[in-house]
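Examining the three-dimensional arrangement
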Amino acid sequence: MSSKKVVLVHGYFRTYRDMKILKKYLMELGYKVVRANLPLTFYEIDKGVEEFSDLIKDIIKNLSKDEKISLVGHSTGGLVIRKFILDNRDLIKYIENCVLIATPNKGNEIAEFVVEKLKIFPKIFKTINSLHPEKVKTIRPLDNTNIKIGAIAGNEESIILRPFFDCENDGKVSVDSVKYEDIDDFIILPYNHYEIHKRKETAKYVAKFIETGKFRV
């Protein structure tokens, strides 16, 4: 049984409650779990990153010597994690690894359409602006870190949203967008965007990566 600390980050238009099931599964596997609760609806992700940084700094104050933490983000939560690492290089030594679940690491096709065609929506629900491919490109690669990064994608498509994609996807994020240059390992699971982080199988793969740096050993 592990006693490692894991911090969970929810996605766009969600709160910490959306990570309740994943927390339960990881605790059953022996992890100490904290859920971030970030403003990822009415603000662009910079505000979420700022609040997440404050949370991580508070957690670090209570770490024992040589203890590290793992970060797990679903969807936009994964982008928060990536930007947090870029903006807080002094804290890298406390982060052991990250798992990005269904994260649009190259941007999101639906967000691109909404931002460019539905002008009022992104003015209110501002986080979606941060998911536009051009905005996501500004989150640079995580060079020169020893942090292991794993990415999990889903491939259960949505019939309604299929026209937005020209490749395999989870109904909201394409598999190609989840897989990007920084990752150390990658896996595809047969779930949609809204359930992938709530599946016990996903929790087991997250735990495997935390312990080994690989999804399959």
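Structure shown above.
Please read these numbers as outputs of a predicted model, since none were measured by experiment. (Residues numbered from 1 in each chain as written. Predicted model: local features only at pLDDT ≥ 70, side-chain atom pairs only at ≥ 80, totals over all residues. Heavy atoms only, no water.)

1. Comments concerning the nonpolar core
Quick reminder of the rule: Think of a nonpolar core as a cluster: buried Ala, Val, Leu, Ile, Met, Phe, Trp, Tyr and Cys residues, connected wherever their side-chain atoms sit within 4.5 Å. Buried means the residue's accessible area, taken with a 1.4 Å probe over protein chains only, is under 20% of the maximum for its type, while exposed means over 50%, and partly exposed covers the values in between. Numbering goes from the N terminus for both helices and strands, where a helix is a DSSP run of H or I of at least four residues and a strand is a run of E of at least two. Every residue pair with non-hydrogen atoms within 4.5 Å of one another is taken to be in contact.
With 47 residues, the main nonpolar core has Phe52, Ile56, Leu71 and Phe84 as its most contacted residues. Of all the secondary structure elements, the ones that give two or more residues to this core are strand E1 (5-9), helix H2 (45-61), strand E3 (69-74), helix H3 (76-87), strand E4 (95-101), helix H4 (109-117), strand E5 (148-154) and helix H7 (175-178). Setting aside anything within four residues of it in sequence, one finds Phe52 in contact with Val7, Val9, Ala36, Leu38, Leu71, Val80, Ile81 and Phe84. Listed in part, the 24 residues of the second largest apolar core include Leu26, Ala102, Ala203 and Phe215.

2. Thoughts on the pattern of salt bridges
Selection rule: A side-chain nitrogen of Lys or Arg and a carboxyl oxygen of Asp or Glu constitute a salt bridge if their distance falls within 4 Å.
Per the counting criterion, the structure on display carries 14 salt bridges. Salt-bridge contacts for Lys5 lead to Glu67; the nearest nitrogen and oxygen are separated by 3.0 Å. Of the two residues, Lys5 is situated in strand E1 and Glu67 in the loop between H2 and E3; the sequence distance between them amounts to 62 residues. Residue Lys5 shares its accessibility class with Glu67, and that shared class is buried. Residues Lys24 and Glu28 are paired through a salt bridge, measuring 2.9 Å at the closest nitrogen-oxygen approach. With Lys24 and Glu28 both in helix H1 (residues 20-28) and four residues apart, the pair spans about one turn of that helix. The class of Glu28 is partly exposed, set by a relative accessible area of 43%.

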